[in-house]
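Observations on chain architecture
Spelled out, the chains give:
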Amino acid sequence: MEFTKELTQKCKGARSVVVLTGAGISAESGVPTFRGEEGLWRKYRAEELATPYAFERDPKLVWEWYDWRRQLISKCLPNPGHYAIANLEALYKDFLLITQNVDGLHRKAGSKKLREIHGNIWRVRCTKEGRVEENLEVPLKTIPPACKCGAILRPHIVWFGESLDMEDIQTSYEAIGKCDLFFTIGTSVVVQPAASFAMMAKSMGAYVVEINKDPTPVSEQVDVSLLGKAGEILPELEKELSST
Ligand code: BV8
């Protein structure tokens, strides 16, 4: 892909960078996206599975869905898009990756300055004590899994109708407020509050670049919209930026 001079100059001259990713960045790793033709929400109703009410009503059903997704994700590896983002982190002193993904693939690719604002599928939380711990058991031996204290564990994931972690959201807003370059990658830009981040960055003066397979509600408003696969475009861009 040919990048415009303006785009490479903005990227090379940037001092503070924020990258927002969604399910599309992991699509080439084999993790299903949520919306679109092959999306998870086509087969499953979000309100039946990804809400606190659904969990209260039927924790076994919700855990069966997460156990199935954990089995699927456990076989997936980071793709060149994840690695390119991890390498971008080294190019900028001031950098933050905000991901809506719960699959843990950014961390696996080496990203360190990272906020997983919708949680992580490999962490569980006690419904009584609130304690969070890592759980890598695949498949789960008992569904629903139980805490040592006897209470049910839940996925450490932000469901619809729940608040995001305040520290995650504060760190994200602070970074967006001061960045001069913002990337929105592989997200359909519909789930709030992340859906407002790109335009928030633009209104505060950042140069906004979108990389997505399909157009989104912000494609017409961002500075550059690159249509294509993140796993192909990002390594090319990273190569261009790493060259002197
Ligand atoms: C909250 C469970 C308050 C995780 C998920 C304002 C207006 C209207 C509604 C609301 C509002 N504020 C809040 C709401 C309610 C709700 C909401 O946004 N509803 C929407 C649907 C209308 N939001 C909430 O309830 C949130 N809570 O706002 O609390 C608050 C606010 C601020 C501060 C504190 C508190 C909680 C949101 C919960 C999110 N949890 N699911 C799980 O089990 O995994 S959402 C789910 O969608 C995932 O987490 C996912 O990450 C997220 C976003 O989806 P995308 O990542 O964008 O994925 P999608 O499939 O849609 O798109 C993929 C894109 O990739 C496509 O465009 C495709 O073309 C592209 N693509 C595909 N392949 C590639 C590619 N691109 C590049 N390369 C490829 N190869």
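Attention in this report is confined to the structure presented alongside it. A quick note: this is a predicted structure, and the numbers were derived from the prediction, not measured.

**Section: the environment of phenylalanine 183**
Turning to its location among the elements, phenylalanine 183 is positioned in strand β7 (residues 181–185). Residue class for phenylalanine 183 comes out buried when judged on its relative accessible area of 1%. With 25 residues separating them along the chain, phenylalanine 183 and valine 208 place their C-alpha atoms 5.9 Å apart. Each residue touching phenylalanine 183, except ones within four places of it in the same chain, is listed here: Cys11, Val17, Val18, Val19, Leu20, Val209, Ile211 and Leu237.

**Some details on the packing of aromatic side chains**
Considering all chains together, one arrives at 4 aromatic pairs under this definition. Plain terms: the ring middles of phenylalanine 55 and tryptophan 159 are 5.3 Å apart, the flat faces sit at 40° to each other, and that makes the pair tilted. Residue phenylalanine 55 is found in helix α5 (residues 52–57), and its partner tryptophan 159 is found in the loop between β6 (153–157) and α9 (166–178); the two are separated by 104 residues along the sequence. By relative accessible area, phenylalanine 55 is classed as buried at 9%.

**Examining the pattern of salt bridges**
For the coordinates displayed, the defined rule picks out 12 salt bridges. With a closest N to O distance of 3.3 Å, lysine 141 and glutamate 137 form a salt bridge. Glutamate 137 gets classed as partly exposed once you look at its relative accessible area, which sits at 28%. Three or more residues are tied together by salt bridges with common partners; here these are Glu129, Arg131, Glu133 and Lys148.

**Considerations on the site of the ligand**
In the vicinity of the ligand, 35 residues are found, and the nearest of them are Arg35, Tyr66, Ser188, Gln192 and Asp214. With respect to the ligand, the side chain of tyrosine 66 contributes an N or O atom lying 2.6 Å from an oxygen atom. The backbone of glycine 161 places a nitrogen or oxygen atom 2.8 Å from an oxygen atom of the ligand. Burial of the ligand by the surrounding chains reaches 78%, relative to a free accessible area of 1500 Å². According to the grid-proximity analysis, the pocket containing the ligand is the largest pocket. Residue assignment for the shell around the ligand shows that the elements contributing at least two residues are α2 (24–27) and α6 (59–74). Of the domains in this structure, domain 1 (5–30 + 78–118 + 164–242) and domain 2 (36–75 + 126–157) are the two that each give at least three residues to the shell around the ligand.

**Comments concerning the sheet that holds β6**
Taken in spatial order, the 3 strands line up as β5-β4-β6 in an open sheet, and their pairing is antiparallel. The sheet is open, and its two borders are formed by β5 (132–134) and β6, each paired with just one other strand. Sheet twist, expressed as the average angle between the axes of neighbouring strands with direction ignored, equals 45°. Relative to β5, strand β4 (residues 119–126) is paired through 3 bridges, and the arrangement is antiparallel. In the strand pairing of β5, arginine 125 is matched with valine 132.

**Concerning the side chain of arginine 115**
Tracing the chain through its elements places arginine 115 in strand β3 (residues 114–116). A distance of 3.4 Å separates a polar atom in the side chain of arginine 115 from a polar atom in the side chain of glutamate 167. Here the side chain of arginine 115 touches aspartate 168 through a polar contact of 2.8 Å, side chain to side chain. Residues in contact with arginine 115, not counting those within four places in the same chain, are Leu96, Leu97, Ile98, Thr99, Glu167, Asp168 and Thr171.

**Overview of the sheet that holds strand β1 (residues 16–21)**
Strand order in this open sheet of 6 strands is β3-β2-β1-β7-β8-β9, and the pairing throughout is parallel. Both edges of this open sheet fall to β3 and β9 (224–227), since each of them pairs with a single strand only. Strand-to-strand twist in this sheet, taken as the mean axis angle between neighbours without regard to direction, amounts to 15°. Bridge count between strand β2 (residues 94–99) and β3: 3 bridges; the pairing is parallel. Bridge pairing in β3 places leucine 97 opposite leucine 114.

**Section: the nonpolar core**
Grouped together as the largest cluster of nonpolar side chains are 27 residues, with contacts concentrated most on Leu7, Tyr92, Leu181, Phe183, Ile185, Val209 and Ile211. Of the residues forming this core, the biggest block, 5 residues, is contributed by helix α11 (residues 230–242). If we skip the residues at most four places from it in the chain, tyrosine 92 touches Cys11, Lys12, Ala14, Val17, Lys113, Leu181 and Leu241. Of all hydrophobic cores here, the second largest spans 24 residues; its members include Ala50, Trp63, Trp65 and Leu105.

Thresholds, definitions, all that
- Residues numbered from 1 in each chain as written.
- Predicted model: local features only at pLDDT ≥ 70, side-chain atom pairs only at ≥ 80, totals over all residues.
- Heavy atoms only, no water.
- Helix = DSSP H or I, 4+ residues; strand = E, 2+ residues; numbered from the N terminus.
- Buried < 20%, exposed > 50% of the residue type's maximum accessible area, 1.4 Å probe, protein only.
- Contact = heavy atoms within 4.5 Å.
- Phe/Tyr/Trp six-rings, centres within 6.5 Å; stacked < 30°, edge-to-face > 60°.
- Salt bridge = Lys/Arg side-chain N within 4 Å of Asp/Glu carboxyl O.
- Near = heavy atom within 4 Å.
- Polar contact = N/O pair within 3.5 Å; in protein donor to acceptor, adjacent residues only side chain to side chain.
- Areas by Shrake-Rupley, 256 points an atom, 1.4 Å probe, with all protein chains shown as cover.
- 1 Å grid on protein atoms, 1.4 Å probe; cavity = no way out; pocket = protein on both sides within 12 Å on 5 of 7 lines; lining within 4 Å.
- Sits in = over half its atoms within 2 Å of the grid points.
- Domains from an automatic or database assignment.
- Pairing = 2+ DSSP bridges.
- Axes fitted to C-alpha atoms, helices over the stretch in contact; angles between N-to-C directions.
- Core = buried A, V, L, I, M, F, W, Y, C linked by side-chain atoms within 4.5 Å.

Taken by themselves, the reported measurements are silent on function.
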